[in-house]
Amino acid sequence: MSKTQQDPIYQQIDDVKQAVSEALTHAKKLGATAAEAAMSSTSGLSVSTRMGEVDTIEFNQDGGLGISVYVGNHKGSASTADLSPKALRSVVEKAVDIAKFTSDDPCNGVADKALLEMSPPDLDLYHPWDVSPEEGIEFCLDAEKAALEFDKRIVNSDGASFASHQGLRVYGNSHGLVAGFPRTRHTLSTMVIGQDGEQMQRDSAYTISREKNGLKVAESVGIEAAESTLAKLNSRKIKTMKTPVVFRADIANSLFGHLVSAIGGGALYRKSTFLLDSLHTQIFNSCVSIKERPHLLKGLASSPFDSEGVITQDRDIIHGGELQTYLMASYAARKLGMTATGHAGGIHNWLVQRTHDDLCAVLKTMGTGLLVTELMGQGVNTVTGDYSRGAAGFWVENGQIQYPVSEITIAGNLKDMFKGVQAIGGDIEVRGSVQTGSVLIESMQVAGE
Amino acid sequence: MNNVEQHLLADSQLTREQLEQTLNYIHQHQVDYADLYFQSSYNETWVLEDGIVKDGSYNIERGVGVRALSGEKTGFSYSDAINFDALSKAAMAARSIAQSGESKKVQVFSDIAVKQQFAAVQPITKMADADKVALLREIEAHIRDIAPDAQQVVSSISAVYEEVLIAASDGTFATDIRPLIRLNCSVLLEKNGRRERGGAGGGARLDYGYFKELVDGKPRWLEYAEEAVRMARVNLEAVDAPAGAMPVVLGAGWPGVLLHEAVGHGLEGDFNRKEASAFSGKVGQQVASELCTVVDDGTLADRRGSLNVDDEGTPAAYNVLIEKGILKGYMQDKLNARLMGVAPTGNGRRESYAHLPMPRMTNTYMLPGEDTPADIISSVKKGIFASNFGGGQVDITSGKFVFSASEAYLIENGKITRPIKGATLIGNGPDVMHKVSMVGNDLQLDRGVGVCGKDGQSVPVGVGQPSLKIDEITVGGTA
């Protein structure tokens, strides 16, 4: 693995830092009293196969610069995917122009200087892989083949995809901060179709990592896709009832995603959240604790600073069911008289603490109820906490899976659902920004037959 | 030479001859088809939040995508720089999908004559920035006026001005100008400690003047503002929705998201070519009740989902998907049409030059039937009437789809009684379409707010339908 300062990416970062500095200088010249700019660039390869043949080969090259300028307390923003010097100058001009029409808002401005990360640590996010289209295609073919050959009921494929991307992110503002770092991301996925009688089902599996060696082997991805697809065949509806529900680890992160929306500064100052005035109150059952660890080496959601340059740091989010912090970017923080927490642009590696060994243990604790493995639709209202989504999964009796279930909904209110969490498994899903095991909720309304 | 060709080619020192040369270079490999897609797009948004013009933003995107097709295979590369060097590099990458060798001749360009479904306006420059802000202030003032108890009011307008140029080895040469505007307002009300939001908006392929046009004596923006307040008030009174399978009456217009999810996606050519859809191999079969005739129509004047030409240069069309319940055909782009041995239908769309085209919907709607909306409601003893929806989603393979009601009411003994909270409805596309038992005479299209996502690509779409009754579908309430 090449990871030396000789890698051209470091020269690229220096060039981009230069471009960001120039944009900031240009903004100042045009009358901005403060400014911030971010630039990212990604390049790489995406290939896919279907039914044993090459489907697509894509060469990716994406990038953009976004700038916000402040003329006094007036803000203007502009962005461009065209990175020619002429386009960069023109967006700066446009942003300054826009600031003439926006309001004098004292909450505007770049983040407070004291909060900025002036010397970001290296989080080991960059593991370039000089992979050829042919190699990528091999991974796809292997994954898909393993799935198609797994069982004769796997009758068709939606294909397999492999992508390897490397890129950089640079952020700068008028407090003199200009920082950047490189990062990589490699993924392999496949989706296959199973058929038994009239019913067709599809499911997919994927692996993702910052480094080549972090990917699962292709065959295992294929087998996982085949197994999940087969498990869904001959699914049926169940009766309308109230029942305990387990959210399997790979979809349980969505529950904490709703928490992220509900304790974000934007939702709070707009009073648009069911968790208004909930800081340091019990919002979960006491078995729930969540820690944030932004500096995990090679972490998929690791970042030394947030999208405003504010330092990210280890935090308790939930302790013993109690909310420890809101998630604040500068604007909302000023609106609410609070301090930015390094959450502009999102969260960084939330680790939900386990209470049980694994999924089996969680199902055993539930006894009889519904294991949800798939959710559909966006039926979540963050203002009220009302929750109603399409679902599929398995019916469970005495801790044992009985048969697949589909075409049902699960509904409740997130306030009750959070307080109703009774167990969290050690089957931790690590592929997202929230790392959690399966989550047991005491009771939800199922609608089916 | 028209303006688009001037902006995208001549201003970058590119000529038609160089495009032909690039396509010929790609065709030195064994490819069936190649195309070049030039695009420049400008996008702005203005937001007014509680009297504060919070932020205006402006975005520029510009680039060229190069695609080579060989059998079922696609090679694709793109660049955010438009010049001959970048074009040649992208062409070299794209043609690597196929080996060198004999391939079809590149056809001489012939300009596609386009019937204009909307005018080539520039919405961003047509109205002064100060007037855009003034419009937002007017909206907020009106909302505060009719809802002095509003806790929070947000309104926004946005516009896109896009130019595209498509040159393909089958001789297609097309240019297009695509304006698109949106207005949105939302209000938060509080009553007895309960907070609820209401929102409304609209859009079209026009300039911002559209929002000031009078409809029944009222400017459009004012109607949206009143609608947002009305929605929030209804939500404040809503009781828990019922849970279980029951008859559901869908209102006219935006509830047509039903068609988008239950049948639309399942009738896109790519899924059917791959036999991955619940509707695969069913052309000529009864896939819905005979009351259902569903079309995808890119030719409606000024509509959000309309196109002059699609992103492969195929003119937009009126395509009958289902006629009296019988499946007539799929929506196609050039790749899937060729592989299935049918003609492209004007549904080849892409989010940008940096994305590959695929079959996508335009405006999808159901033709009117004969029942009056009142008769449909009174035919239901116990069920719900859903008049407004949020988004939806479908698994095209199993046919399962959801869509989430954002405004709904109980129907008891043929009468609409109380408002109920939002709930997700779930069904199986082919099943549910067979259960459509009454179709109203009140076809409406949505207000122009739809966005459809597929494979990570978003495109603007429209939906519509008359009021209709589904005899049974699962309603995901809590009561």
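Residues numbered from 1 in each chain as written. Chains lettered and ligands numbered in written order. Predicted model: local features only at pLDDT ≥ 70, side-chain atom pairs only at ≥ 80, totals over all residues. Heavy atoms only, no water.

1. Some points on the overall build of chain A
Reasoning step 1: Looking only at helices and strands, chain A has nine helices and 17 strands in total.
Reasoning step 2: Over its C-alpha atoms, taken along the principal directions, chain A stretches across nearly 70 × 55 × 35 Å.
Reasoning step 3: Across the 449 residues of chain A, 57% fall into the buried class.
Reasoning step 4: Just so you have it, chain A exposes about 17300 Å², and 49% of that area is on carbon and sulfur atoms.
Reasoning step 5: Positive and negative charge centroids in chain A, built from 41 and 53 side chains respectively, lie 6 Å apart. (Helix = DSSP H or I, 4+ residues; strand = E, 2+ residues; numbered from the N terminus. Buried < 20%, exposed > 50% of the residue type's maximum accessible area, 1.4 Å probe, protein only. Areas by Shrake-Rupley, 256 points an atom, 1.4 Å probe, with all protein chains shown as cover. Lys, Arg positive; Asp, Glu negative; His and termini not counted. Charge placed at Lys NZ, Arg CZ, Asp CG, Glu CD.)

2. A look at the nonpolar core
Reasoning step 1: Core analysis: the largest hydrophobic core is formed by 114 residues, its most contacted members being Ile-67 and Val-69 of chain A together with Leu-19, Phe-38, Ile-139, Leu-165 and Val-187 of chain B.
Reasoning step 2: With nine residues, the top contributor of residues to this core is helix H1 (residues 8–29) of chain A.
Reasoning step 3: Those residues in contact with Leu-165 of chain B that lie beyond four places of it in its chain are Val-4, Glu-5, Leu-8, Leu-9, Leu-19, Leu-36, Tyr-37, Phe-38, Phe-173, Ala-174 and Thr-175 of chain B.
Reasoning step 4: Formed by 51 residues, the second largest nonpolar core is a distinct cluster that contains Leu-268, Ile-283, Ile-290 and Met-444 of chain A. (Core = buried A, V, L, I, M, F, W, Y, C linked by side-chain atoms within 4.5 Å. Contact = heavy atoms within 4.5 Å.)

3. With respect to the interface of chain B and chain A
Reasoning step 1: With 70 residues of chain B at the interface, the matching set in chain A holds 70 residues.
Reasoning step 2: Taking both sides of the interface into account, the surface hidden between chain B and chain A amounts to around 5500 Å²; carbon and sulfur atoms contribute 51%.
Reasoning step 3: At the boundary of chain B with chain A, the tally comes to five salt bridges.
Reasoning step 4: The salt bridge partner of Lys-421 of chain B is Asp-386 of chain A, with a shortest N-O separation of 3.2 Å.
Reasoning step 5: In this structure, the connection of chain B to chain A is made through 32 residue pairs in polar contact (both at pLDDT 80 or more).
Reasoning step 6: Considering each element in turn, the side of chain B that touches chain A owes the most residues, eleven residues, to strand E2 (residues 52–70) of chain B.
Reasoning step 7: Here the residues of the side of chain B that touches chain A sort into 26 nonpolar, 25 polar and 19 charged.
Reasoning step 8: Where strand E3 (residues 74–80) of chain A lies against E2 of chain B, four bridges are found, and the strand directions are parallel. (Buried area = accessible area lost by both parts, 1.4 Å probe. Salt bridge = Lys/Arg side-chain N within 4 Å of Asp/Glu carboxyl O. Polar contact = N/O pair within 3.5 Å; in protein donor to acceptor, adjacent residues only side chain to side chain. Nonpolar A, V, L, I, M, F, W, Y, C, P; charged D, E, K, R; others polar. Pairing = 2+ DSSP bridges.)

4. Looking at the pattern of salt bridges
Reasoning step 1: Evaluated as defined, the whole model comprises 47 salt bridges over all chains.
Reasoning step 2: Residues Asp-250 of chain A and Arg-248 of chain A are paired through a salt bridge, measuring 2.9 Å at the closest nitrogen-oxygen approach.
Reasoning step 3: On the basis of relative accessibility, which here comes to 30%, the residue Asp-250 of chain A falls in the partly exposed class.
Reasoning step 4: Taking the relative accessible area as the measure of exposure, Arg-248 of chain A reaches 26% and is therefore partly exposed.
Reasoning step 5: With its nearest N and O atoms 3.1 Å apart, the salt bridge here joins Arg-178 of chain B to Asp-176 of chain B.
Reasoning step 6: A relative accessible area of 4% places Arg-178 of chain B in the buried class.

5. Notes on the UniProt feature "domain: Metalloprotease TldD/E N-terminal" (unreviewed entry) in chain A
Reasoning step 1: Annotation from UniProt places "domain: Metalloprotease TldD/E N-terminal" (unreviewed entry) at residues 35–99 of chain A.
Reasoning step 2: Its end C-alpha atoms 11 Å apart, residues 35–99 of chain A is made of 23% helix and 65% strand. (UniProt positions renumbered as here; feature names shortened; annotations may be inferred.)

6. Quick notes on the sheet that holds strand E8 (residues 290–292) of chain A
All names here are of chain A.
Reasoning step 1: Here five strands make up an open sheet; going across it, the order is E10-E9-E8-E11-E16 and the pairing mixed. Among the strands making up the open sheet, the edge pair consists of strand E10 (322–323) and strand E16 (434–435).
Reasoning step 2: With two bridges joining them, strand E9 (residues 315–319) and E10 adopt antiparallel strand pairing. Among the inter-strand pairings, His-319 is bridged to a residue of E10, identified as Glu-322.
Reasoning step 3: Where helix H5 (residues 249–262) meets the sheet, it contacts E8, E9, strand E11 (350–352) and E16, and its direction lies at approximately 125° from that of E11. (Axes fitted to C-alpha atoms, helices over the stretch in contact; angles between N-to-C directions.)

7. Here we look at the UniProt feature "domain: Metalloprotease TldD/E central" (unreviewed entry) in chain A
Reasoning step 1: Mapped onto this numbering, the UniProt entry gives "domain: Metalloprotease TldD/E central" (unreviewed entry) at residues 126–233 of chain A.
Reasoning step 2: Across residues 126–233 of chain A one finds 29% helix and 46% strand; the C-alpha atoms that close the span lie 41 Å apart.

8. Some points on the domain arrangement of chain A
Residue and element names in this part refer to chain A.
Reasoning step 1: Domain parsing of chain A yields domain 1 (8–232) and domain 2 (241–447).
Reasoning step 2: Domain 1 puts 33 residues into the contact, and the matching count from domain 2 is 29 residues.
Reasoning step 3: If you sort the residues of domain 1 by the area they bury against domain 2, Cys-107, Leu-115 and Leu-123 come out on top, with a joint share of 23%.
Reasoning step 4: Salt-bridge contacts for Lys-298 lead to Glu-211; the nearest nitrogen and oxygen are separated by 3.1 Å.
Reasoning step 5: Looking at the side of domain 1 that touches domain 2 residue by residue, the class counts come to 17 nonpolar, five polar and eleven charged. (Domains from an automatic or database assignment.)

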